[in-house]
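Below, each chain spelled out in residue letters.
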Amino acid sequence: MITFDALIIREKHIGERNRIITVLAKDHGVIDIFCRGGMKLTSKNFSATQLFSYSTLCVEVKVNAKGERLYYLNSSQTKNLFYNIRLDLINACLASYISELLCYCGTAEKDFGEILRLTLNTYYSLDTNRQPPELLKSIFEIRLLCEIGFRPNLLGCNKCLKYEADHMHFNIMTGKILCDNCCEDSDNGFDFVFDKGMFYILRYIMLTDYDRLFSFKVSDKAQKLLTAFSESFVSYHIKPKFDTRDFYRQMAH
Ligand SMILES: [Zn+2]
């Protein structure tokens, strides 16, 4: 039996009594856990295994003939329900999209500590309405891609090494950041141009510690550019189309 804290990112009903939950946990990555209908499904156990809950799970591990690890829930205890996320349709849509992204990017048996912190902080900010959902969505999308290996070299222009310029070009296809002087092909559809202020925000989102990451505001104009950039960044690197994102978009406008 093993015990660990995990965020519930998907739940699926199997027949009338059984469920499979997909969870994100620091040391286990993204794994499926079978919840037997026969087990004492007290209300405490049930809320701890609901979508968006962060809970302590006690799990039995079995290894099948193929050597795969199978997980069976024994008991659970809620740490944070993120209850308010469920009360607001836009917040719930955004949390669903975040969960879908995690299910797609996650793998088992890998350290997901940083991604778990990012997600918990995003859910906490959504739950307490600390920042607008649109900004939280951009922060999550951009930082998630950084954590899974797409963080660009942000020290400055990747050619002449200039730390800042009036405009910096970020090409999401090549992952290169170039100043105006060094950028030769700025009209290829993958190129996003950031002025000094916006480039500072981009660096902030990509590099700042999680303690301070969720404590800034942006103008409506800046948010429009951030949204266009973060959605293109995700679409380029993560190919499937996410229905939950379209649904969030319909609700948010
Ligand atoms: Zn340059």
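Residues numbered from 1 in each chain as written. Predicted model: local features only at pLDDT ≥ 70, side-chain atom pairs only at ≥ 80, totals over all residues.

As for unusual backbone geometry
- If you check the backbone angles, Phe 52 has positive phi at about 80 degrees while not being a glycine.
- Looking at the secondary structure, you find Phe 52 in the loop between α1 (43-48) and β4 (54-63).
- The exposure class assigned to Phe 52 is buried, which follows from the 23 C-beta atoms found within 10 Å.
- Not every positive phi belongs to a glycine, and Phe 82 is a case in point at roughly 50 degrees. (Helix = DSSP H or I, 4+ residues; strand = E, 2+ residues; numbered from the N terminus. Buried ≥ 20, exposed ≤ 12 C-beta atoms within 10 Å, placed from the backbone.)

So, the packing of helix α3 (residues 89-105) against helix α9 (residues 243-252)
- Close contact between α3 and α9 brings their axes to 8 Å; oriented N to C, the two are set at 160 degrees. By the angle class used here, α3 and α9 are roughly antiparallel. Along this stretch, α3 crosses α9, giving a crossing that reads as left-handed. Seen from α3, the contacting residues are Leu 89, Ile 90, Cys 93, Leu 94, Ser 96, Tyr 97 and Glu 100; seen from α9, they are Thr 244, Arg 245, Phe 247, Tyr 248, Met 251 and Ala 252.
- Of the residues assigned to the contact of α3 with α9, the class counts are 9 nonpolar, 2 polar and 2 charged. (Axes fitted to C-alpha atoms, helices over the stretch in contact; angles between N-to-C directions. Parallel < 35°, antiparallel > 145°, perpendicular 65-115°, else oblique. Left-handed = near helix turned anticlockwise from the far one by under 90°. Contact = placed C-beta atoms within 7 Å. Nonpolar A, V, L, I, M, F, W, Y, C, P; charged D, E, K, R; others polar.)

With respect to the domain arrangement of the protein
- Partitioning the protein into structural domains gives domain 1 (2-81) and domain 2 (103-252).
- A straight line from the C-alpha centre of domain 1 to that of domain 2 covers 31 Å.
- On the side of domain 2, 13 residues touch domain 1, which itself brings 14 residues to the contact.
- Where the side of domain 1 that touches domain 2 is concerned, the elements lending two or more residues are β1 (2-14), β2 (18-25) and β3 (29-35).
- Classifying every residue of the side of domain 1 that touches domain 2 by side-chain character gives 8 nonpolar, 3 polar and 3 charged. (Domains from an automatic or database assignment.)

Observations regarding the sheet that holds β3
- Spatial ordering of the closed barrel is given by β1-β2-β3-β5-β4, a layout of 5 strands whose pairing is mixed. Shown here is a sheet whose adjacent strand axes are inclined to one another by a mean of 50 degrees, direction ignored.
- Pairing of β3 with strand β5 (residues 69-80) involves 2 bridges; the strand directions are parallel. From the neighbouring strand, Phe 34 faces β5, where its bridge partner is Tyr 72.
- Contacts from helix α4 (residues 113-127) reach β1, β2 and β4, with the element oriented near 65 degrees to β1. (Pairing = 2+ DSSP bridges.)

Details of the environment of Ser 99
- By secondary structure assignment, the location of Ser 99 is in helix α3.
- Separated by 22 residues in the primary sequence, Ser 99 and Asn 121 have C-alpha atoms spaced 14 Å apart.
- If sequence neighbours within four positions are ignored, Ser 99 has contacts with Ile 9 and Arg 10.

Observations concerning the environment of Ser 235
- Within the secondary structure layout, Ser 235 lies in helix α8 (residues 220-237).
- What makes Ser 235 partly exposed here is the crowd of 15 C-beta atoms within 10 Å.
- In this structure, the C-alpha to C-alpha distance between Ser 235 and Asp 185, residues 50 residues apart in sequence, is 21 Å.

What to know about the nonpolar core
- If you look at the biggest cluster of nonpolar residues, it comprises 60 residues, and the most contacted ones within it are Leu 7, Val 23, Leu 24, Ile 33 and Leu 94.
- Mapped onto the domain boundaries, this core takes at least three residues apiece from domain 1 (2-81) and domain 2 (103-252). (Core = buried A, V, L, I, M, F, W, Y, C linked by C-beta atoms within 7 Å.)

Focus on helix α6 (residues 196-207)
- For α6, which comprises 12 residues, the first-to-last C-alpha distance of 16 Å matches the rise-based estimate of 16 Å (1.5 Å per residue) to within 8%.
- Taken residue by residue, α6 has Met 198, Phe 199, Ile 201, Leu 202 and Ile 205 as its buried positions. Seen along its axis, α6 keeps its buried residues to an arc of 155 degrees; they face one direction. Along α6, exposed side chains directed more than 90 degrees from the buried face belong to Lys 196, Gly 197 and Leu 207.
- Elements in contact with the buried residues of α6: α5 (133-150), β6 (167-171), β8 (191-195) and α8. (Expected span 1.5 Å × (residues − 1). Arc of directions from axis to C-beta.)

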